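Here is how the chains run, residue by residue.
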Amino acid sequence: MKKIFLIFGLLCLSGVVHLYAQTPRKTLWLSGPGLTSPQWLNTIGIAQMESYKFDQVNTWQYYNNTNANDIPTWAQQFNTQMANAGQTDVLGIGHDAGGLILRYMAQLQSTNGLNAIILDGVPNQGGAVFSKLTPTSDGILSEAQRLVNNALNYRTQAQNCVACRTIEATQSYINTFAVSSIADYYRQLKPGSPLITNLQTPTIPYAVIWGNENDDALGLTRLMSSWSNAGLQGQDREYLECMGKELEQRLVSANQNFAISTLRAIAGLAGAVSKLKLSQPGTVGAVIESTLNAVATGLRGLYDLKNEFREILECELVHQALNAKWTLMNFPYNAITETITVPNCYSLISCDDCWTQYASDHDDQILGYCLSVCNEQICDGTTTATVTYLVPEPNDALYTKTEQSLAGAAKTYEAISCNHMQESFWLYPTVRDAFTDLFNGGAGAAFVVPK
Amino acid sequence: MKLKQIPPLLILLTLLYWGTSCKSNDQGDTDSTNQALVSNCVVELTYDAETTSMMEAANPQEAAQLTELDKALMLPKNDRKLESICLKEDGKYLITSEYMTPTHPIQYPVGTIGEPFKPRYKKVINNNGDLTFLNALGETIYNDGTFTTPTTEVLSVIELFQTLKTQPAVTDADFNNTISLLTTNGLNTTQFPNGIVAARTNHTDNSYSIAIIDKNAHMQTGQLNFDANGVLQHLFMIKLSGVAPQVVFERMVQVDFINAFESGIRLKRTQLTNYQTFNLLF
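Counting from 1, residues in each chain are numbered in the order their sequence is written. Chain A is the first chain written and ligand 1 is the first ligand written, with later ones labelled in order. Per-residue local features are limited, in this predicted model, to residues with pLDDT of at least 70; the limit for side-chain atom pairs, both in listing and counting, is 80 or more; totals at the level of whole chains, interfaces and linings are taken over all residues.

S.K.: Honestly, the overall build of chain A in this entry has me stumped. Any pointers?
M.R.: Helix numbering and strand numbering both begin at the N terminus, where a helix is a DSSP run of H or I of at least 4 residues and a strand a DSSP run of E of at least 2. Within chain A one finds 17 helices and eight strands. Our radius of gyration is a C-alpha quantity, and the globule rule it is checked against amounts to 2.2 Å times the number of residues to the power 0.38. Expected size for 451 residues packed as a compact globule is a radius of gyration near 22 Å; at 32 Å, chain A overshoots this value by more than 25%. Projected onto its principal axes, the C-alpha coordinates of chain A cover approximately 125 × 60 × 40 Å. Among the 451 residues that make up chain A, the fraction classed as buried is 47%. We call two residues in contact when their backbone-placed C-beta atoms lie within 7 Å. When contacts within chain A are restricted to residue pairs at least 6 apart in sequence, those whose partners lie at least 24 apart make up 79%. Residues with at least 20 neighbouring C-beta atoms inside 10 Å of their own are called buried, those with 12 or fewer are called exposed, and the rest are partly exposed, where every C-beta is derived from the backbone.

S.K.: Would you mind showing me how to read the overall build of chain B here?
M.R.: In terms of helices and strands, chain B carries four helices and 13 strands. The buried share of chain B, taken over its 282 residues, is 40%. Counted over contacts in chain B with a minimum sequence separation of 6, partners at least 24 positions apart contribute 50%.

S.K.: Just checking my understanding: could you explain the environment of Gln220(B) for this structure?
M.R.: Looking at the element boundaries, Gln220(B) is found in strand S10 (residues 219-226). Residue class for Gln220(B) comes out buried when judged on the 24 C-beta atoms lying within 10 Å of it. In this structure, Gln220(B) is in contact with Ala265(A), Gly268(A), Leu269(A), Ala211(B), Ile212(B) and Ile213(B), ignoring residues within four places of it in sequence.

S.K.: Help me out: how do you make sense of the sheet that holds strand S4 (residues 114-120) of chain A in this one?
M.R.: Two strands in a sheet stick together by hydrogen bonds in their backbones, pointing the same way (parallel) or opposite ways (antiparallel). All names here are of chain A. Strand order in the open sheet formed by six strands is S2-S1-S3-S4-S5-S8, with parallel pairing between adjacent strands. Of all strands in the sheet, those with a lone pairing partner are strand S2 (54-56) and strand S8 (412-416), marking the two edges. Each adjacent strand pair in this sheet contributes to an overall mean axis angle of 25 degrees, direction not counted. Two strands make a pair as long as DSSP finds a minimum of two bridges between them. As paired strands, strand S1 (residues 25-30) and S2 are joined by three bridges and run parallel to one another. Bridged to Thr27 within S2 is Gln56. Only the stretch in contact is used when a helix axis is fitted, and all axes are lines through C-alpha atoms; the angle between N-to-C directions ranges over 0 to 180 degrees.

S.K.: Would you take a moment to explain unusual backbone geometry for this structure?
M.R.: For residues that are not glycine, phi is negative in most cases, and the peptide bond is trans in most cases. With omega at 5 degrees, the peptide bond leading from Ala244(B) into Pro245(B) counts as cis. Looking at the secondary structure, you find Pro245(B) in the loop between strand S11 (232-243) and strand S12 (246-259). Located in the positive-phi region is Asp89(A), a residue other than glycine, with phi close to 50 degrees. Notably, Asn206(B) is not glycine yet its phi reads approximately 75 degrees, a positive angle.

S.K.: Can you help me understand helix H8 (residues 166-176) of chain A in this one?
M.R.: All names here are of chain A. Turning to H8, its buried residues number three or more, namely Thr166, Ile167, Thr170 and Ile174. The arc that holds the buried residues of H8, viewed along the axis, is 95 degrees, so those residues lie on one side. Those residues of H8 hidden inside the fold are in contact with helix H6 (129-133), helix H7 (143-155), helix H11 (219-228), helix H12 (238-278) and helix H13 (284-330). Regarding the arc, it is the one traced by the directions from the helix axis to the C-beta atoms.

S.K.: Sorry if this is basic, but what is going on with the confidence of the model for chain B here?
M.R.: Note that predicted coordinates carrying low pLDDT should not be read in detail. Residue and element names in this part refer to chain B. Per-residue confidence for chain B averages 83 on the pLDDT scale, and 84% of its residues sit at or above 70. Scored between 0 and 100, pLDDT is the confidence that the predictor attaches to each residue. Per-residue pLDDT stays below 50 along residues 1-37; that stretch engages in 55 contacts with residues further than four places along the chain or on separate chains. Of the two predicted TM-score estimates for the complex, the pTM is 0.85 and the ipTM is 0.84.

S.K.: Please explain the nonpolar core as it appears in this structure.
M.R.: Soluble, globular proteins show a tendency: their nonpolar side chains are buried together. Put simply, a nonpolar core is buried Ala, Val, Leu, Ile, Met, Phe, Trp, Tyr and Cys residues tied into one set by C-beta atoms within 7 Å. Ranked by size, the top nonpolar core spans 111 residues in total, and within it Ile101(A), Ala207(A), Ala321(A) and Val431(A) carry the most contacts. Here the element with the most residues in this core is H13(A); it accounts for nine residues. Segment limits for the domains were obtained from an automatic or database-derived domain assignment. Per-domain counts for this core show at least three residues from each of domain 1 (2-129 + 177-214 + 395-447) and domain 2 (135-167 + 233-331) of chain A. Excluding residues within four positions of it along the chain, Val431(A) makes contact with Ile209(A), Ala415(A), Cys418(A), Glu423(A), Phe425(A) and Trp426(A). Ranked by size, the runner-up nonpolar core spans 66 residues in total, among them Val295(A), Val197(B), Ala198(B) and Ala211(B).

S.K.: Mind showing me how you'd approach the interface of chain B and chain A here?
M.R.: Frequently, the measure chosen for interface size is the accessible area that the parts lose on association. Each partner contributes to the interface: chain B provides 105 residues, whereas chain A provides 98 residues. Broken down by element, the side of chain B that touches chain A gets its largest block of residues, seven residues, from helix H3 (residues 151-166) of chain B.

S.K.: Help me understand the pairing of S1(A), please; the structure alone is not making it clear to me.
M.R.: Two faces, one strand: in a regular strand the side chains alternate between the faces of the sheet. All names here are of chain A. For S1, a buried count of five out of six residues is recorded, marking the element as mostly surrounded by other parts of the structure. Place the viewer so that the strands point away; then a crossover is right-handed whenever the path from the first strand over the helix to the second strand goes clockwise. For the handedness criterion, the β-α-β arrangement of S1, helix H2 (residues 41-49) and S2 is classed as right-handed. Judged from the five bridges that link them, S1 and strand S3 (residues 90-95) form a sheet pairing that is parallel. Paired with Lys26 across the bridge in S3 is Val90.

Following this line, the structure appears as C-alpha cells:
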C-alpha cells in the first residue's frame, strides 16, 4: 500500500514539476530610446523560436514615445502598472537606458513583482559620451558636432571622397542629440548626473552583459551602420564596405596606372632616341615635336596621378580621423611605446631636402650633387624606430567596459565583437550565448526562463 | 502586442536567423577568375616590393603643434606586394597585385587609435579594367570597378619597347645628342654633374613638373611636382641599375604632402619601396 502511495506521490510531483516547467516566465523587455538602442523584437522572436516560454509586460505606451518621460517617471509608471496587475516573478531585461529604468524600478521597492534583471549594454556608471553629444546650451554646437564639421571641411580637399556619404550619415545622427528634448533625456545618462548619482546597487539579483567592439579602430563607422540597420539585424559593415571599396578601387587603379607609367618611363626616352636615329632627315622635326609632347604629357599625367594618390590618402585620413577622435574624446586610453623595424635609409638625406636647399640658395651645382646622391642611400638592412600608439579601454563604441560594469553582478558576460547597437540582437553569437546561459540557469535560478 | 500573435514575423525572423555573426562574412563564391597569368604578353613586368610609409611634420619646427589626434594618425605602416603587369599585343592588359607578408611586419593591437586601414583583399586582378578582389582562399570578395587604362596608351608603351627591341642599342652619345636636340627645340633642361638632367615642364594651370633624367641609365628616374606657387607637392625618385630598357629597380622614394587633420600642419609622408625582385621581359 505504501508503495502505491509512493508511486502516486511521485507521479503527482512530476506532474507539478512538469506543469511548473511549462509555465511561461513573465518578462519586461526595455530598450533605450531609438538613437542608442534598437527594440527587442528580433531577439524576442528568436528566443520564442528557441522554445523559451515567457509572457511580456505591456510596453506599448513606453515604445510609443520613449523620450516622453524621464527615467524615474517611466520607472514609476511601470511599477504602478505591474503592481496593479499583480505581477510576480518578473524578469527585467534592459538594454541601454532601458536597464536604468529597471534599476530605478527595483530601487523604488514597489510591489512590482520584479525579482531579477539583466543589464545588457547599460551605462550603469553613466555614459561620458553624452557630455560630447549634447550641447552645453542651446545654440552651441556639441563637441561631436564640431568634430563632424571638421571632418566635412577637411574632406573638401578630397573632392571625390564619397564613401556612401558615411560622414553625412554620422552628422545626421549626431545632430539629433542636439534637439532640445532629446538632449534633455540623454543628459540624465551623463556620469555624475542626479540620476546616475542616486542609482543604488540593486538588491535583487542582476547580471551584466557588456559589449566590446574590438574588430578594428573604426567603431563609430560600425556603430553608424548598425544604427541605420537597427530595424533589421544591426549589421555593422555597410558603411565600411562602401568606404573600403571606394578606397581600394581608387588605390588599385592609381597604383596600376603608375605601374604602366613606370613602363613608359623605362622605355620612353630611350625609345625616342631610337626613333630619332631611324628618322629620315625630313621627319626629324616631327619626331622631336612628338617627343617633346610625350614628355610634357607624361609629366602632367604623373602629376595628376600623384594628386589622385594624395586625394585617396586624404579620404582615408578623414575617415580614420573621425573614428580616432571619437575614441579619443569618449574613452580612456593608454599610450604604448614600442620599437619597430624600418629600412635604415630614413635617417639619411631625402631628395626633397635637396629642393628645400635649392629654394634657399638656387645653387644648381649643389642641387645636382644633391640629386645624384639623395637616392643613393644605403637601404640594405634595417634600423629601429620608436613608435607610440594609443589603445583605448575596451568599449562598445558608445560606452566603455567600466561604464557598463556593475559590481556585485551574479554573472558578467562579454559580448565580444559587438558594438552597442548589436547587443540587443540574439543573432550575434556572444549575445545569444550570454542570454541562453542566463535563461538556462547559468547565473542562478533568478534568471531562468523555462523551455 | 505579443509576438506569438504575429507568426509571419517569426517566419521572417527564421529566414534572417541563419548563421549570422557580429562581423562581416566576406566569403564569396568560389572564384573562376583566379587564373594563372596568360602567357601572351608582349611586355611583362613582375616585381616583389616592400613599401614602408612614415609621416612627419614637413617642417620639423612645427612638430610641436601636432595634436595627439594628428600624431595618432601618423603611424608608420608597411606592406609587401607581388605585382605582375602583362601588356598584350592588342592593347589589352592583365595586372595582378597580391599582398605578401613583409620581412618586418609592423603590427598594432586591434583597435589601436588611428590604426592604418588594412585591405580586405589578398589579391586583385585587373583584367583590362575589370577589377576582381580575392580573399586568401582565392575566393572573390567582390568584382567591381571600371578603371581602364586606355588601349592607345598601352599600345604606345608596347610600341616603345618593340622599337627598342628591334633597333640597334642606344649609346650614351645617342642619348646625350637627343637631350641636346630636345633642349635646342624647347625642352627646358639644366645639366648637373654625375649625368643628371633636370627637365622642367610648365603646365597650363601654372603648376610645373621637373623630370629627373639619368643620362647614364637613359631614362627618367624621378619627378618633382610643384604647384603654381612653387611649393613642392610630391616627388618620386628611383634607384636602379642597368641601362634602359634593361634596368632593374632597386628602390624608390616617394614623398607626398597632406595637411594634418586637427592642427593643419603640413605633413610629409615618405614611402620607401625596396624591390626584392624586378623582372622585365619584352
